[in-house]
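# Observations on the model geometry
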Amino acid sequence: MRHLLNGIEIAPRNRNDIGVVSMFEGNPDELALNVDSLVLSREAYDIIKQHIQSIGLFEGIPYQVEASGIVLDYYVDLVDPSNTFRSYECEVKIKRRKAIDNFRDNASGTSFELMLKKGVEFPTFNVPYVIIKDNQVELALITGITLYMMTTALIASIKDLVTTLSQGIQASTPNAGVPPSIDVGDVIAYIINVTAQVVYIAAQLLAIVQMATKFFALVFPPVRNLLGCKLQDLLQKSCEYLGYEFQSSLLTQYPNYTLLPVPLVRQRKSIFDWVPEDLTSQFNKGVPSSSDTTPTIGTLLDAVETTMNAKTRIVNGVVRFERRDWWQNVTPNSIVPALNIQSDRTDEFSYNTEDVWKRYYIHYNLDPSDIHTLDKIYDYHDAEYSTEPNNVVNEDLVCIKGLNDVNIPFALGARKENLNWLEKLVKEMFVFIDFVTGVFGGGTNFAAKIENRIGVLMISQNYFTTTKLLYCVNGKQQPDFLDYMSARAIWGKFHYINQIQLNDYDIKNEARIQMTQSDFVTLLNNNFAEINGVMCEILRIEWIDEKSFAQITYKQRNNYSTGKVSTLTIND
């Protein structure tokens with residue numbers, strides 16, 4: 001292990017006690033030194049004194065630890081009041097500067113707005129949607145009144161034309177006499193009257209078509225588009241921006257998970273200034289903004305990890321995003337630890353009872369600004385499970401407890417599956433209008449436009465306030481989208497492995513093993529290892545290079561809950 005102070009290799013007096021600690025239990029700072037101070041003498045102390053004389057106390061000195069590709073960046077904090085300076089040595093505090101896993105630090109402070117500002121291009125695509133409001137009864141009344149008025153006016157006009165035609169027959173009938181005669185004045189009046197009424201009916205039909213067009217746009221706003229982006233593309237572009245490569249067999253297996261940001265962008269024209277049929281421009285950017293539930297790379301990564309029960313690791317500059325058990329299936333590691341308590345030569349362990357849960361609750365957010373998240377799609381937004389004992393002797397002594405709350409910070413998107421009752425009612429009216437306008441030429445196509453709305457996203461107003469998670473193929477959610485998107489599906493694909501009967505371990509603390517630098521680096525890349533022939537997950541490593549050993553805390557399957565408990569589905 002090399003120690004570098006301001007780029008110059010040094011040997012701290014306490015180097016034999018300096019080691020590297022790696023935690024694998026959710027702490028984003030996986031790597032850290034096991035000490036927070038250095039004892040420096042000779043050349044190292046001279047570097048400290050020279051820095052103070054030339055630059056001063058108010059700027060720290062870079063300090064690095066290197067070992068087989070591991071680089072830990074710290075700095076010497078010269079203004080720490082606990083620093084001690086002697087005539088021949090000093091003891092100074094060190095603090096983290098950046099680490100091999102500083103990806104998360106950068107990700108938490110990097111917004112998608114910043115990346116757009118810096119010219120990053122995301123592969124966004126159109127997500128078609130329609131607005132289905134919750135005022136269907138009011139629209140039905142308006143439709144009925146409009147249909148009645150239009151039909152009455154058209155019937156009256158046709159009736160008047162029929163009356164005029166009958167009068168024309170009478171006017172053109174010859175008068176009795178020798179020879180028979182025709183009243184030319186009546187015929188001319190008839191022709192003028194018929195012509196006027198035909199023109200009137202044509203104008204009335206034109207007005208009906210124009211009014212129907214406006215009415216159609218009001219009652220049935222046209223299919224419009226918002227911009228969405230696949231989760232895989234968002235994370236890949238984000239990692240590239242931060243200087244990393246992104247890999248995920250999990251998202252490759254499920255490539256259609258799509259983020260639909262809220263339709264709130266700056267400098268947009270007010271929706272009240274648009275005629276409904278002209279409102280065709282997208283009202284979002286396709287990537288999260290400050291108004292979304294995941295405005296930064298870090299918050300998006302946390303949200304997707306929560307949703308897919310995944311973990312993120314960084315190995316040799318590659319961000320690897322996988323379901324938490326993926327590393328177990330690909331590990332090449334195998335180690336043999338000594339007994340835990342060396343003085344007693346005994347093996348000591350505990351159970352992972354902190355992982356036991358009574359209630360496992362997976363749920364999406366509900367969006368009051370989009371009534372459809374509270375309608376039929378509500379039945380699929382959550383799933384609840386309970387760990388139940390199989391055999392009970394004393395009910396009051398059952399100690400299964402704990403809540404595992406999987407709060408997915410997105411809202412589901414409702415798919416328009418069919419025509420509702422109002423659309424079916426109005427469709428008949430527009431079929432008639434299409435027929436009439438077709439007879440007189442220049443026919444309309446309103447009925448087909450109603451049918452084209454099936455299969456697209458359905459929202460209740462132009463704006464919604466919670467970012468949506470969709471499962472899109474060519475911009476649309478397929479009929480089976482709930483097989484991927486429902487909370488029950490999220491459990492079945494990603495979270496079922498957290499059942500305690502599949503997750504029961506005993507934990508062995510601080511087992512001492514011999515370890516080289518290369519062994520330590522390998523375990524950092526994958527913290528699963530075969531120990532004494534059993535696959536185990538390493539939770540913590542403390543490695544001291546100078547002493548060539550490490551202490552590990554790990555867990556291995558115990559099967560203490562097999563046959564003892566089962567999982568009960570609550571809201572099936």
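Residues numbered from 1 in each chain as written. Predicted model: local features only at pLDDT ≥ 70, side-chain atom pairs only at ≥ 80, totals over all residues. Heavy atoms only, no water.

## A short note on the side chain of Ser-289
Relative to the helices and strands, Ser-289 resides in the loop between strand 13 (257-260) and helix 8 (297-308). Judged by its relative accessible area of 6%, Ser-289 falls in the buried class. (Helix = DSSP H or I, 4+ residues; strand = E, 2+ residues; numbered from the N terminus. Buried < 20%, exposed > 50% of the residue type's maximum accessible area, 1.4 Å probe, protein only.)

## Regarding the confidence of the model for the protein
Parts of the model with low pLDDT should not have their predicted coordinates read in detail. Chain-level pLDDT for the protein is 81 on average; 73% of the residues reach the 70-or-more range. In this model, residues 339-345 is a region of pLDDT below 50 whose contacts with residues beyond four sequence positions or in other chains number twelve contacts. (pLDDT = per-residue confidence, 0-100. Contact = heavy atoms within 4.5 Å.)

## Concerning the nonpolar core
One broad rule of soluble globular proteins: the nonpolar side chains tend to lie buried together. Counting 54 residues, the largest nonpolar core has Tyr-257, Leu-300, Met-308 and Phe-321 as the members making the most contacts within it. By residue number, the principal contributor to this core is helix 8, which donates six residues. With near-sequence residues (within four places) excluded, Met-308 lies in contact with Leu-250, Leu-251, Tyr-254, Tyr-257, Phe-321, Arg-323, Phe-494 and His-495. In this structure, Val-20, Leu-40, Phe-520 and Ile-541 belong to the second largest nonpolar core, which totals 42 residues. (Core = buried A, V, L, I, M, F, W, Y, C linked by side-chain atoms within 4.5 Å.)

## Some points on the sheet that holds strand 18 (residues 359-364)
With mixed pairing, four strands are arranged side by side in an open sheet as 20-18-19-30. Of all strands in the sheet, those with a lone pairing partner are strand 20 (403-408) and strand 30 (565-569), marking the two edges. When the angles between neighbouring strand axes are averaged without regard to direction, this sheet yields 15°. When strand 19 (residues 382-389) meets strand 30, the two strands line up antiparallel, connected through five bridges. Paired with Tyr-385 across the two strands is Thr-569, which belongs to strand 30. Its contacts with the sheet put helix 13 (residues 487-495) on strand 18, strand 19, strand 20 and strand 30, and the angle it makes with strand 18 is roughly 120°. (Pairing = 2+ DSSP bridges. Axes fitted to C-alpha atoms, helices over the stretch in contact; angles between N-to-C directions.)

## Here we look at the pattern of salt bridges
On inspection of all chains with the given rule, the structure shows 21 salt bridges. Here Asp-36 ties to Lys-93 by a salt bridge, and the two come within 3.2 Å at their closest N and O atoms. You can see Asp-36 sitting in the loop between strand 4 (31-33) and strand 5 (37-41) and its partner Lys-93 sitting in strand 9 (residues 89-98), a full 57 residues away along the chain. Overall, Lys-93 belongs to the partly exposed group, its relative accessible area being 23%. Residue Arg-415 is joined to Glu-417 by a salt bridge in which the shortest nitrogen-to-oxygen separation is 2.6 Å. (Salt bridge = Lys/Arg side-chain N within 4 Å of Asp/Glu carboxyl O.)

## What about the sheet that holds strand 14 (residues 310-315)?
An order of 12-15-14 is seen for the three strands of this open sheet, with the pairing classed as mixed. At either margin of the open sheet sits one strand with a lone partner, and together these are strand 12 (245-247) and strand 14. Geometrically, the sheet is characterised by an average inter-axis angle of 20° between neighbouring strands, direction not taken into account. Pairing analysis gives six bridges linking strand 14 to strand 15 (residues 318-323), with the strands arranged antiparallel. Note on strand 15: the bridge partner recorded for Ala-310 is Arg-323.

## Brief notes about the packing of helix 6 (residues 231-241) against helix 8
Relative to each other, helix 6 and helix 8 sit at 140°, their axes nearing to 11 Å. Classified by the angle between their axes, helix 6 and helix 8 sit oblique to one another. At the point where helix 6 passes helix 8, the crossing takes the left-handed sense. Counted together, Leu-231, Leu-234, Leu-235 and Ser-238 of helix 6 and Ile-297, Leu-300, Leu-301 and Val-304 of helix 8 form the full contact between these two elements. (Parallel < 35°, antiparallel > 145°, perpendicular 65-115°, else oblique. Left-handed = near helix turned anticlockwise from the far one by under 90°.)

## Some thoughts on the packing of aromatic side chains
For the structure on display, the rule yields 14 aromatic pairs. Seen in terms of ring centroids, Tyr-254 and Phe-494 are 5.4 Å apart; in terms of plane orientation they differ by 75°. Their pairing is edge-to-face. Placement of the pair is Tyr-254 in the loop between helix 7 (249-253) and strand 13 and Phe-494 in helix 13, with a sequence separation of 240 residues. Phe-494 shares its class with Tyr-254; the two are buried. Taking the centre distance of 4.9 Å and the plane angle of 80° together, the rings of Tyr-257 and Tyr-471 count as edge-to-face. One end of the pair, Tyr-257, is in strand 13; the other, Tyr-471, is in strand 24 (residues 468-473), and 214 residues separate them in sequence. Taking the ring centre of Tyr-361 as reference, the NZ or CZ of Arg-359 above it sits at 4.4 Å. In this arrangement the basic side chain of Arg-557 is found over the ring face of Tyr-505, its NZ or CZ atom lying 5.9 Å from the centre. (Phe/Tyr/Trp six-rings, centres within 6.5 Å; stacked < 30°, edge-to-face > 60°. Lys NZ or Arg CZ within 6 Å of the ring centre and 35° of its normal.)

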